[in-house]
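The residues making up each chain are set out below.
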Amino acid sequence: MAELTPNPAEDRGAWKSKLGFILAASGSAIGLGNIVFFASNAYQYGGGAFYLPYFIALFVLGIPVMIIEFSIGTMTGKSFPVAMRQLVGKRGEYAAWWTISCALFITMYYITILGWALTMFVGAFGGLLTDPAIAPFTGMDTPTDGPNATVYFFGMIATWAPMLSVAAIWGMTILILWRGTKTIEAAVRIFVPLMWLFMIILIVRGLTLPGGVDGVLYLFTPNMDGIMDVNVWQGAFAQMFFSLSLGLGTMVAYASYLPKDADQINNSMLVSFLNCGFEYIAGVAIFAMLFVYALNPAGTTLSLSFFAIPQGIANFPFGVKAFGAFFFFLLVIAGLTSAVSLVEGMASSLIDKLGISRAKGLTMVMVPGIVGSFAFALPNVIDPTLSGDGTLGLTLLDIVDHWAFRYSLLIGGLFECILIGWILGADKLRAFVNKNSKFNLGPWFNVQIKFVIPIILSLVIAGTLWQDLSGGLYGSTYDMEGYQWLPAALPVFWFLSTVVMSYVLTNRPTQEHAPHNVSNPA
Ligand code: PHE
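Here the structure is a predicted model, which means the values were calculated and not measured. (Residues numbered from 1 in each chain as written. Predicted model: local features only at pLDDT ≥ 70, side-chain atom pairs only at ≥ 80, totals over all residues. Heavy atoms only, no water.)

(A) Expanded view of the overall build of the protein chain. Counting its regular elements, the protein chain contains 19 helices and zero strands. Scaling as 2.2 N^0.38, a compact globule of 522 residues should have a C-alpha radius of gyration of about 24 Å, and the protein chain matches this with 22 Å. With the C-alpha coordinates of the protein chain rotated into their principal frame, the extents come out at 65 × 50 × 45 Å. Taking all 522 residues of the protein chain together, the buried fraction comes to 62%. (Helix = DSSP H or I, 4+ residues; strand = E, 2+ residues; numbered from the N terminus. Rg over C-alpha atoms; globule rule 2.2 N^0.38 Å. Buried < 20%, exposed > 50% of the residue type's maximum accessible area, 1.4 Å probe, protein only.)

Written out as structure tokens, the structure is:
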């Protein structure tokens, strides 16, 4: 692809080529969401009933919001909060810091999950897929007959070993981010092609298993009953936001390293199609395997990748250890390039706002980040009968994920559409985008970002809130002696701390110049 004209904001960093940007943005989008969450959502909501709403969500919501986020980045050459302040004033900055603060929580547990994947990767070379397993939970405390990934997983999270993996993932993330766009670009040039290669190997394996094709048919057979269910639509919209890395300022940060004349319609389509293409391939590979071995990934979203798929792999006629290692390695590299983008979104926001060095910006994210990731990996068994999640870490993760995942991204997207559509003006955005694009956005785009998307997002958010308020408090049925206060305390803590962070950061003076020269360190 063509070399780019230099970015005027050269000292913040700049992508060397369009290919570098596309690889980085698609590396951000392709992650645990595509492998772990897409397939388990699709399974939970009934295969064909899910992918149709999901496909609609891509065009109605996904691509337009990505165009908005890319444009916020290139219009201003700044990360989310400072960019929003420039475009729509202080309330835009409040909203942006709030979502950036939510991104911190999501990053913490995203990296813990990656740490578990890394521990499972190491386990695949050992006994994970071949030996009987044992875990310190009632019913799991005698050795199983053969390998059992579920028991292995619970045994693993009840040890301190994942702490090491979590530290290793944070270390790799910071290393990749050290020199900004330079090192990110170098890493994604290796990791992104590699994840496609590994996924293709897995799909070939899945489809050549006898009976594998049936799973694929299930995934792609539209199911009209499911389509009438609001939960399916809610799941599809939330999953689309997460999968495309929208609503948390990540894509704004990546786009801020592009030249002002980048074609954002083209970029948004490319990144979205690469992401969803990968997701469908992953879905096919996974559904093939589930059907062949009649596996039922009931329970949490994690169960699919950590229990069901490894169990399927353990049943392969050959290459069990190799495929097991492949699969977890794939999870780790796909997730790593996403974690990198999450941290970059936060660190660059701090750098742009406070005028601090890159090292300082990264440290300010890393220190609380590591503490949080460690907390989500705490191995203390608090629920020996596994009425909920078993360990303290997994329980914290499950409850925080429930709130942060369901609200942050969609609220972030809602703020963006309302503020950009109404305060900056949809016409202005459209004029900016159209100037550099071969394909032009018509006046329908105004309707889209001022009405259609805000209405859909408000309905989904309100529906989710209604579910949360009318049902019992999430997690309150778990039988955890001494920890019954967690289900109420965690959402309050999450909400208050994100609001306070947003308030404090917005009211700090904005430093006009980023003094640190990223692309050419002295
Ligand atoms: N898109 C990533 C995934 O699918 C997760 C992510 C969300 C990354 C938001 C950055 C921002 O795993």
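(B) Spatial organisation of the packing of helix α6 (residues 149-157) against helix α14 (residues 302-314). Contact geometry for α6 and α14: axes closest at 8 Å, N-to-C directions at 135 degrees. In terms of their interaxial angle, α6 and α14 are classed as oblique. In this structure, α6 crosses over α14, and the sense of that crossing is right-handed. Facing A149, T150, F153 and F154 of α6, the residues of α14 in contact are F306, F307, P310 and Q311. Considered class by class, the residues forming the contact of α6 with α14 number six nonpolar, two polar and no charged. (Axes fitted to C-alpha atoms, helices over the stretch in contact; angles between N-to-C directions. Parallel < 35°, antiparallel > 145°, perpendicular 65-115°, else oblique. Left-handed = near helix turned anticlockwise from the far one by under 90°. Contact = heavy atoms within 4.5 Å. Nonpolar A, V, L, I, M, F, W, Y, C, P; charged D, E, K, R; others polar.)

(C) Broad picture of the environment of A95. Of note, A95 is situated in helix α5 (residues 90-125). What makes A95 buried here is its relative accessible area of 9%. C-alpha separation for the pair A95 and P81, spaced 14 residues apart in sequence, amounts to 7.9 Å. Contacts of A95, omitting those with residues within four sequence positions, involve F415 and L419.

(D) Main features of the nonpolar core. Formed by 190 residues in total, the largest nonpolar core has its most connected members in W116, F153, F306 and I420. Leave out the neighbours within four places in its chain, and I420 touches I68, I72, M84, L87, V88, F415, G425, A426, L429 and I449. (Core = buried A, V, L, I, M, F, W, Y, C linked by side-chain atoms within 4.5 Å.)

(E) Structural context of the site of the ligand. For the ligand, the set of nearby residues contains 15 residues, the closest of which are A29, G33, Y110, F242 and S245. S28 places a main-chain nitrogen or oxygen 3.2 Å from a nitrogen atom of the ligand. In this structure, Y110 approaches the ligand through a side-chain N or O atom, which is 2.5 Å from an oxygen atom. In isolation the ligand offers 330 Å² of accessible surface; the protein chains occlude 100% of this area. Where the shell around the ligand is concerned, the elements lending two or more residues are α1 (18-29), α2 (32-44), α11 (230-243) and α15 (320-354). Along the lines of polarity and charge, the residues of the shell around the ligand split into six nonpolar, nine polar and no charged. (Near = heavy atom within 4 Å. Polar contact = N/O pair within 3.5 Å; in protein donor to acceptor, adjacent residues only side chain to side chain. Areas by Shrake-Rupley, 256 points an atom, 1.4 Å probe, with all protein chains shown as cover.)

(F) Here's a closer look at the confidence of the model for the protein chain. When the pLDDT values of the protein chain are averaged, the result is 91; 95% of them are 70 or greater. Across residues 514-522 the pLDDT falls below 50, and counting only partners more than four positions away or on other chains, this stretch makes 21 contacts in the model. (pLDDT = per-residue confidence, 0-100.)

(G) Layout of helix α8 (residues 181-208). Taking 1.5 Å per residue as the helical rise, α8 with its 28 residues ought to reach 40 Å, and the 40 Å between its terminal C-alpha atoms agrees with that figure. The principal kink in α8, of about 30 degrees, is found at V188. (Expected span 1.5 Å × (residues − 1). Bend = angle between axes of the 7 residues up to and from the residue.)

(H) Structural context of the pattern of salt bridges. Using the criterion set out here, one finds seven salt bridges in the structure. Its salt-bridge partner being R358, residue E344 comes within 2.5 Å of it at the nearest N-O pair. Taken as a pair, E344 in helix α15 and R358 in helix α16 (residues 358-375) lie far apart in primary sequence, 14 residues in all. Like R358, E344 is buried. One salt bridge connects R430 with D427, and the closest N-O pair in it is separated by 3.1 Å. Of the two residues, R430 and D427 both sit in helix α17 (residues 392-435), three residues apart, roughly one turn of that helix. Among the residues examined, D427 registers a relative accessible area of 49% and is labelled partly exposed. Connected via shared salt-bridge partners are R85, E93 and K353. (Salt bridge = Lys/Arg side-chain N within 4 Å of Asp/Glu carboxyl O.)

(I) Focus on helix α19 (residues 486-506). In this model, α19 (21 residues) spans 30 Å end to end at C-alpha, consistent with the 30 Å of a helix rising 1.5 Å per residue. Restricting attention to buried positions, one finds in α19 the residues L486, P487, L490, P491, W494, S497, T498, S502, L505 and T506. Within α19, the buried residues cover an arc of 150 degrees as seen down the axis, which keeps them to one side. Structural note: α19 exposes V500 and Y503 on the side pointing more than 90 degrees away from its buried face. Where α19 is buried, its residues touch α4 (80-88), α5, α15 and α17. (Arc of directions from axis to C-beta.)

(J) Highlighting the packing of aromatic side chains. Inspection of the entire model under this criterion finds 42 aromatic pairs. Clustering of aromatic rings is evident, with ring pairs tying together W116, F137, F153, F154, F306, F307, F327 and F328. The ring of F316 carries R205 above its face, with NZ or CZ at 5.3 Å from the centroid. Its guanidinium or amino end placed over the ring of W422, K450 lies 4.4 Å from that ring's centre, counting from NZ or CZ. (Phe/Tyr/Trp six-rings, centres within 6.5 Å; stacked < 30°, edge-to-face > 60°. Lys NZ or Arg CZ within 6 Å of the ring centre and 35° of its normal.)

(K) Summary view of the side chain of R358. On the accessibility criterion, R358 (4% relative accessible area) is buried. A polar atom in the side chain of R358 sits 3.0 Å from the backbone oxygen of L177. Here the side chain of R358 touches E344 through a polar contact of 2.5 Å, side chain to side chain.

(L) Structural context of the side chain of E93. Following the sequence through the fold, E93 ends up in helix α5. With residues near it in sequence (within four places) discarded, E93 still touches P81, M84, R85, K353, L505 and T506.

(M) Layout of unusual backbone geometry. Positive phi, close to 60 degrees, is recorded for S245, a residue that is not glycine. Inspection of the secondary structure puts S245 in the loop between α11 and α12 (250-255). Looking at S245, the relative accessible area reads 11%, which means it is buried. In the Ramachandran plot, L386 falls in the positive-phi region, its phi being about 55 degrees despite a non-glycine side chain. Position of L386 among the secondary structure elements: in the loop between α16 and α17. With relative accessibility at 21%, the residue L386 sits in the partly exposed group.

(N) Structural view of a nonpolar patch on the surface. Residues I418, W422, I423, V447, F451, I455 and L459 make up a contiguous nonpolar surface patch of roughly 660 Å² in combined accessible area. If you list the elements that add at least two residues to the nonpolar patch, you get α17 and α18 (444-470). For the nonpolar patch, the element with the highest residue contribution is α18, accounting for four residues. Along the chain, F451 turns up in helix α18. Accessibility expressed as a relative area gives 40% for F451, which makes it partly exposed. (Patch = residues over 30% accessible without salt bridge, like charges linked within 9 Å, V, L, I, M, F, W, Y side chains within 5 Å.)

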